[in-house]
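Geometric and topological summary
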Amino acid sequence: MKKKAIITGASKGIGRALAELMLTNGFEIHGTSRNGSNSLSDEQLFMYALDLSKEESIRSFHNQLRTRNLIFDIVINNAGIGPDLGTFEPKANTLRSTLAVNVEGTILLTELLLPMMESTGKLLNISSKMGSIASCVGTDSTAYRISKSALNMYSRILTNKYGDRLQIATIHPGWVRTEITPDNIHARLSPEESARRIWAFAMEDFQSGIYWDAERGEELPW
Ligand SMILES: NC(=O)c1ccc[n+]([C@@H]2O[C@H](COP(=O)([O-])OP(=O)(O)OC[C@H]3O[C@@H](n4cnc5c(N)ncnc54)[C@H](OP(=O)(O)O)[C@@H]3O)[C@@H](O)[C@H]2O)c1
């Protein structure tokens, strides 16, 4: 039977590149985007509409998976936003939207997906090294940084709860040329290069609970 994976935010950027790579590695991919589409065409790719800022949308996505009786080998929480990246004054609207998607929605969805995972499955949370409290020297991107620190804490809680059976990793994908913010046009990695590094790591027998820099190939300080 084909291995199955969920990738949130599979319409573009890193999530799309991961979907493409995992399809070529024989996975059945269940991907999401807000409008339920992406530009890849593959009979092993199933796309769903999911807006992580809306609880109703999270429940609807979960119900669609449940009616199909699916069990997943890999869940990749990749969808994320960074509307205050590169800005220096915290604003109410970006704090709310960033925390709604990167933290609240991601946690609510994960809690619904955990019972749908193989007992030895892998859960990858795509975070950022900008979420590292230990290494933070910047004064920018308050909402984004805080959202990724919060996601890191959720990863730690999940590891405490399920780390003896699931393999859980918190991953920095590198600085990647995506549309997350206009400045990323100058980034070092293409989405495909980032996806290859994430995938190479994910296929290893990694230690559950690890916080991993996929660009540099080393652990990050929390
Ligand atoms: N790029 C980098 O250098 C970098 C560095 C560190 C960490 N990351 C992390 O990597 C992950 C992927 O980022 P990316 O750079 O590939 O960004 P991206 O190109 O902007 O892609 C973001 C994905 O998230 C989806 N998305 C946006 N808003 C959403 C919402 N409200 N609900 C559900 N899905 C939503 C988008 O789909 P639609 O817009 O089609 O709905 C898209 O598929 C993020 O978690 C990001 O924080 C990126």
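For every chain, the first residue of its written sequence is number 1, and the numbers climb from 1 along that sequence. At least 70 in pLDDT is required for a residue's local features to be given in this predicted model, at least 80 for side-chain atom pairs to be given and counted, and no such filter applies to totals for whole chains, interfaces and linings, which use all residues. As a rule here, side-chain values come from all non-hydrogen atoms in the structure, and water together with hydrogens is ignored.

**A word on the nonpolar core**
Within the largest apolar cluster, 31 residues are counted, with the highest numbers of intra-cluster contacts made by Ile7, Met22, Ile29, Ile76, Leu124, Ile171 and Ile198. The numbering of helices and of strands both runs from the N terminus, where a helix is a DSSP run of H or I of at least 4 residues and a strand a run of E of at least 2. Elements with a minimum of two residues in this core: β1 (4–7), α1 (13–24), β4 (72–77), β5 (117–126), β6 (167–172), α5 (191–202) and β7 (210–213). Once you skip the residues sitting within four places of it in the chain, Leu124 turns out to touch Val75, Ile76, Asn77, Ala169, Ile171, Ile198, Ala202 and Phe206. Throughout, nonpolar core names a set of buried Ala, Val, Leu, Ile, Met, Phe, Trp, Tyr and Cys residues whose side chains join them through atoms within 4.5 Å. Burial here depends on accessible area, computed with a 1.4 Å probe over protein chains only, as a share of the maximum for the residue type. Under 20% is buried, over 50% is exposed, and the range in between is partly exposed. Core analysis: the second largest hydrophobic core is formed by 23 residues, Leu50, Ile58, Leu65 and Leu70 among them. Working rule for contacts: check all heavy atoms of both residues, and any pair within 4.5 Å makes them a contact.

**Here's the deal with the sheet that holds β4**
Whether parallel or antiparallel, the strands of a sheet pair through hydrogen bonds between backbone atoms. We treat two strands as partners when DSSP finds at least two bridges between them. Spatially, the eight strands line up as an open sheet ordered β3-β2-β1-β4-β5-β6-β7-β8, and their pairing is mixed. Two strands bound the open sheet, and with one partner strand each, they are β3 (45–49) and β8 (218–219). Two strands pair when backbone bridges link them, and β6 and β7 are joined in this way by four bridges, in the parallel orientation. Bridging from a neighbouring strand, His172 pairs with Asp213 of β7. With axes taken as lines fitted to C-alpha atoms, and helix axes fitted only over the stretch in contact, angles between N-to-C directions fall between 0 and 180 degrees. Strands β1, β2 (28–33), β3 and β4 of the sheet are contacted by α1, whose axis makes an angle of about 170° with β1.

**Considering the environment of Gln207**
You can see Gln207 is positioned in the loop between α5 and β7. Overall, the relative accessible area of 56% leaves Gln207 in the exposed class. C-alpha separation for the pair Gln207 and Gly163, spaced 44 residues apart in sequence, amounts to 9.0 Å.

**A closer look at the pairing of β5**
Counting buried positions along β5 yields seven of ten residues, so the element is predominantly enclosed. Here is how to tell: hold the view so the strands point away, follow the path from the first strand over the helix to the second, and if it runs clockwise the crossover is right-handed. A crossover connection joins β5 to the parallel β6 through helix α4 (residues 142–162); in handedness this β-α-β unit is right-handed.

**Comments concerning the site of the ligand**
When we say a residue is near a molecule or strand, we mean one of its heavy atoms is within 4 Å of it. Inspection of the region around the ligand gives 30 residues, with Ser11, Arg34, Tyr144, Val176 and Thr178 positioned closest. The definition of a polar contact used here is a pair of N or O atoms within 3.5 Å, where within protein one atom must be able to donate a hydrogen and the other to accept one, and adjacent residues in sequence count solely through side-chain atom pairs. Contact distances for the ligand include 2.8 Å between a nitrogen atom and a backbone N or O atom of Leu52. Per-residue accessibility takes into account occlusion by the displayed protein chains alone, with areas from the Shrake-Rupley method and a 1.4 Å probe. Expressed as a share of its isolated accessible area of 890 Å², the protein-covered part of the ligand is 94%. When contributions to the shell around the ligand are tallied by element, the ones reaching two or more residues are α1 and α4. When residues are grouped by polarity, Ala, Val, Leu, Ile, Met, Phe, Trp, Tyr, Cys and Pro land in nonpolar, Asp, Glu, Lys and Arg in charged, and all others, Gly among them, in polar. Considered class by class, the residues forming the shell around the ligand number 13 nonpolar, twelve polar and five charged.

**Here's the deal with the side chain of Asp84**
For Asp84, the location among the structural elements is in the loop between β4 and α3 (92–113). Charge counting treats Lys and Arg as positive and Asp and Glu as negative, with His and both chain ends excluded. We count a salt bridge whenever a side-chain nitrogen from Lys or Arg sits within 4 Å of a carboxyl oxygen from Asp or Glu. Among buried charged residues, Asp84 stands out as having no salt bridge; its nearest opposite-charge side chain is Arg145, 8.1 Å away. Within the structure, the side chain of Asp84 is placed 2.7 Å from the backbone nitrogen of Ala143, a separation counted as a polar contact. Once you skip the residues sitting within four places of it in the chain, Asp84 turns out to touch Thr94, Ser141, Thr142, Ala143 and Tyr144.

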